[in-house]
Amino acid sequence: MSSSNLCTSPHFLRALLDHAAVSVFVHDVRGRFVDVNAHACASVGYSREQLLECNVSDIEQEHQMVFEDHGQGVLDSGEVVRQGVHRHADGSTHAVEVHVSAFEVNGQQLFCAVSRPLIDDAVHQTQSRSDLEQSHTFERDLFQRIFENANEAIAIIDHEGRYLRQNQAHLAMFGFSDEELAGKTPAIHLGPGVFADVGKALADDGEYRGELTSRAKNGVERQIDLSAFAVERGDGLPPVFVGIKRDITKMRQLQREDVDRERMTLEESLRQAQKMEIIGQLAAGVAHDFNNLLTPILSYSDLEVSRPGLPDDTRSALQEICTAAKRGRDLTTRLLAFGRKQRLNLQPLDLGDLVAHTMSMLRRLVPDVIEFAVSIEEGLPAILADAAAVEQVLMNLATNAADSMPDGGILRIAVKQLAVAEDNRLARVLGTAGTFLQLTVADTGHGMEAATLERVFEPFFTTKDADKGTGLGLSIVHGIVRQHDGYITAESEPGHGTQFQVILPPSDEAVVAPEAPKPVPHEAGTATILVVEDEQQVLSLVIKLLMGSGYHVLGASSGLRALEVAREYEGAIDLLLSDVVMPGLNGHELFERLRPERPELSVLFMSGHPRDGLVPQGQLASGVRIIEKPFTAEELDARVREELAMRKA
């Protein structure tokens with residue numbers, strides 16, 4: 001064959017193309033390869049047959065540039081040189097320089113792309129591999145340092161539960177060296193039962209989280225928070241498990257101490273409440289007996305002081321006796337208030353109006369060096385309260401505040417509505433959430449230390465001098481507030497004054513203007529009255545007073561004796577005037593026994609200690625009328641006439 005024929009031989013051209021030291025890719029206008037040489041196949045890792053099934057986009061990362069940016073340029077100029085990135089069959093990439101030229105074969109437009117690798121790319125790939133290796137080394141070192149220096153104890157165990165590694169915190173927590181843990185499981189410090197439970201959770205769920213008790217090498221038990229999870233290794237290898245343990249012994253100890261402190265506080269509060277209840281019962285009992293003693297003193301002195309022709313010095317002495325007896329009556333009222341045993345005359349009241357009306361009295365009691373700051377919210381709902389009792393609360397708090405500011409200051413009194421949410425501590429104390437009324441009394445005085453503040457409502461506790469306070473004031477306030485189903489709080493700091501807040505429930509009832517009292521006629525009495533009193537001195541006094549007013553009086557010193565007297569008396573009995581608390585048969589039981597026999601009988605109870613069903617929860621039962629001891633002769637006469645007038649009506 002001649003040389004000219006050899007050069008045009010297809011076999012020659014194929015051999016020439018395949019032995020070229022560059023990659024040759026021939027593709028059509030759509031980017032589909034129509035021919036490639038052996039070097040091209042080697043450069044991208046595909047066989048010739050595979051490449052002829054491919055498109056430029058399969059190997060050229062920036063293939064869009066060929067058609068969009070340079071396609072027309074190749075057709076216009078005949079050749080374009082550019083740089084690109086070829087993608088190997090294994091996913092790796094390498095930078096190339098490509099010479100693209102256009103030609104036609106049998107009317108078909110084709111492109112010949114001759115590419116060679118950029119020299120810098122080889123260096124770049126070598127550098128990339130080096131950087132990757134360095135990155136992996138850095139990450140291994142980094143995680144190794146994190147593992148070893150973590151505050152939490154970390155351990156790795158294999159799929160059979162044996163220890164593989166532990167960090168320094170784990171070693172410090174449990175005291176077992178790497179050699180001692182080799183071949184061991186966490187049962188060494190958790191115990192076999194707990195370890196089995198943890199292992200089951202890891203096998204079922206791939207993770208575990210909980211608090212456990214563990215034992216260190218030296219026998220010390222610790223509470224730990226364990227977070228364990230599985231780590232898959234791939235390639236068919238079984239997983240390993242990582243356990244992160246945090247020592248919560250101190251935290252749990254502190255929590256237990258907090259619980260113990262709270263329990264002790266609650267126990268102390270209970271003891272204090274029991275003590276106050278006992279003292280309250282004692283105070284109520286003392287008040288009952290004391291009122292029986294005061295009744296003849298007050299009534300006789302009141303009766304004698306009005307006698308005509310009495311010497312002035314005798315009249316003056318009797319007046320002093322009467323004044324002292326009334327002060328004693330006030331004291332028993334305070335004792336009953338402290339014990340929450342006094343009778344409350346509950347009515348719908350406007351708390352704002354009550355505070356406003358009390359201010360004139362307060363301004364006379366409080367020294368001029370003290371400035372008032374009064375704030376009363378408008379549109380307040382009513383409260384169901386005893387006006388005198390609430391007034392006593394305000395007077396007591398205000399005078400205490402004034403006493404704490406001997407050199408002057410500001411006394412703030414405010415009334416407003418208070419919204420209490422369900423999650424508020426006050427809702428638990430008050431028994432319900434909702435809207436309440438808040439009375440605030442605050443001063444700018446010397447304040448109180450925490451130890452004093454804790455005892456501020458204790459009976460007989462006071463920081464005042466012996467001649468300036470009994471220590472009953474705030475305990476009485478506390479009793480009155482609780483009797484109104486309210487709550488009182490105190491806040492104070494030395495040098496920053498004191499603030500009391502009284503929280504009272506609202507009432508659905510509207511405030512009713514009080515009716516003017518009806519005059520009672522003072523003509524001589526003509527009715528028959530049965531007087532029952534177990535205190536002989538009081539019995540004799542009441543009989544004498546009633547007989548002096550013209551009444552026919554029957555007397556009995558006990559409930560059982562009163563039954564006999566009533567049954568023996570053949571005439572009508574208009575009124576039963578009976579003590580409440582008596583041995584054997586009390587006043588209420590006596591009236592219930594007499595009523596079927598004498599349905600016309602009215603009753604007026606006497607008591608220095610209203611209770612025994614007449615005053616459930618401190619309030620008068622419906623239809624029950626009572627006169628409280630001690631009373632004056634005039635007060636007794638007025639009440640008896642009132643009861644008899646109601647009977648006639």
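See above for the structure.
Here we summarise the structure given alongside this text. Because the structure is a prediction, the values reported are computed rather than measured. (Residues numbered from 1 in each chain as written. Predicted model: local features only at pLDDT ≥ 70, side-chain atom pairs only at ≥ 80, totals over all residues. Heavy atoms only, no water.)

Notes on the pairing of strand S8 (residues 207–215)
Both faces of the sheet carry side chains from a regular strand, because those side chains alternate between them.
Phase 1: Of the two faces of S8, only the one carrying Tyr208, Gly210, Leu212 and Ser214 is buried; Glu207, Arg209, Glu211, Thr213 and Arg215 on the other face are not.
Phase 2: With 9 bridges joining them, S8 and strand S9 (residues 221–231) adopt antiparallel strand pairing. Note on S9: the bridge partner recorded for tyrosine 208 is alanine 228.
Phase 3: Counting the residues between successive antiparallel strands, the hairpin from S8 to S9 contains 5 residues, one of them, glycine 219, with a positive phi of roughly 90 degrees. (Buried < 20%, exposed > 50% of the residue type's maximum accessible area, 1.4 Å probe, protein only. Helix = DSSP H or I, 4+ residues; strand = E, 2+ residues; numbered from the N terminus. Pairing = 2+ DSSP bridges.)

Here we look at empty space enclosed by the protein
Phase 1: Counted by the stated rule, this structure contains 2 cavities of 30 Å³ or more.
Phase 2: The wall of the largest cavity is formed by 12 residues, among which Val56, Glu60, Arg82, His86 and Ala113 lie closest to the centre.
Phase 3: Counting only elements with at least two residues in the lining of the largest cavity, the list comes to strand S1 (23–28), helix H5 (56–59), strand S3 (79–87) and strand S4 (93–105).
Phase 4: When its residues are assigned to classes, the lining of the largest cavity shows 8 nonpolar, 2 polar and 2 charged.
Phase 5: The volume enclosed by the second largest cavity comes to roughly 60 Å³.
Phase 6: Together, Val390, Val393, Leu439, Ile480, Val481, His484, Val502 and Leu504 line the second largest cavity.
Phase 7: Those elements that place two or more of their residues in the lining of the second largest cavity are helix H16 (387–403), helix H19 (473–483) and strand S17 (498–504).
Phase 8: When its residues are assigned to classes, the lining of the second largest cavity shows 7 nonpolar, 1 polar and no charged. (1 Å grid on protein atoms, 1.4 Å probe; cavity = no way out; pocket = protein on both sides within 12 Å on 5 of 7 lines; lining within 4 Å. Points joined across faces, edges and corners; volume = space filled by probe spheres on them. Nonpolar A, V, L, I, M, F, W, Y, C, P; charged D, E, K, R; others polar.)

Focus on the sheet that holds strand S15 (residues 434–443)
Phase 1: Pairing is mixed across the open sheet formed by 5 strands, whose spatial order is S12-S14-S15-S17-S16. This sheet does not close on itself; its edge strands, each paired only once, are strand S12 (370–376) and strand S16 (487–492). Averaged over all pairs of adjacent strands, the angle between strand axes in this sheet comes to 15 degrees, irrespective of strand direction.
Phase 2: Strand direction decides the pairing type here: strand S14 (residues 409–420) and S15, joined by 10 bridges, are antiparallel. Bridge assignment links glutamine 417 to a residue of S15, and that residue is leucine 437.
Phase 3: Along the sheet, helix H15 (residues 351–365) contacts S12, S14 and S15; its crossing angle with S12, the most-contacted strand, is approximately 165 degrees.
Phase 4: Against the sheet, H16 engages S12, S14, S15 and S17, with an angle of about 35 degrees to S15. (Axes fitted to C-alpha atoms, helices over the stretch in contact; angles between N-to-C directions. Contact = heavy atoms within 4.5 Å.)

A closer look at the side chain of aspartate 158
Phase 1: Along the chain, the position of aspartate 158 falls in the loop between strand S6 (153–157) and strand S7 (163–166).
Phase 2: Leave out the neighbours within four places in its chain, and aspartate 158 touches Leu164, Pro239 and Phe241.

Quick look at the nonpolar core
Phase 1: In terms of nonpolar packing, the biggest core is built from 41 residues, with Leu411 and Ile413 touching the most fellow members.
Phase 2: If one sorts the elements of this core by residue count, H16 sits on top with 9 residues.
Phase 3: Other than its neighbours up to four places away in sequence, leucine 411 contacts Ile370, Glu371, Phe372, Ala373, Ala398, Ala401, Met405, Val441 and Ala442.
Phase 4: Val531, Val538, Leu575 and Ile627 belong to the second-largest nonpolar core, a separate cluster that totals 22 residues. (Core = buried A, V, L, I, M, F, W, Y, C linked by side-chain atoms within 4.5 Å.)

Concerning the sheet that holds strand S21 (residues 602–607)
Phase 1: The strand order S19-S18-S20-S21-S22 describes an open sheet built from 5 strands, whose pairing is parallel. In the strand order of this sheet, the two ends are held by strand S19 (552–556) and strand S22 (626–628), each with one partner. Averaged over all pairs of adjacent strands, the angle between strand axes in this sheet comes to 20 degrees, irrespective of strand direction.
Phase 2: Bridge count for S21 against S22 is 3 bridges, and the pairing is parallel. The partner of phenylalanine 605 across the bridge, within S22, is isoleucine 626.
Phase 3: Packed on one face of the sheet, helix H22 (residues 587–594) meets strand S18 (528–532), strand S20 (575–579) and S21 and runs near 155 degrees to S20.
Phase 4: Relative to the sheet, helix H23 (residues 633–648) contacts S18, S20, S21 and S22, its axis offset from that of S21 by approximately 155 degrees.

As for the side chain of aspartate 386
Phase 1: Looking at the secondary structure, you find aspartate 386 in the loop between strand S13 (383–385) and H16.
Phase 2: By relative accessible area, aspartate 386 is classed as buried at 9%.
Phase 3: For aspartate 386, the side chain forms a polar contact with the main-chain nitrogen of alanine 389, separated by 3.1 Å. (Polar contact = N/O pair within 3.5 Å; in protein donor to acceptor, adjacent residues only side chain to side chain.)

The analysis is restricted to geometry; functional conclusions fall outside its scope.
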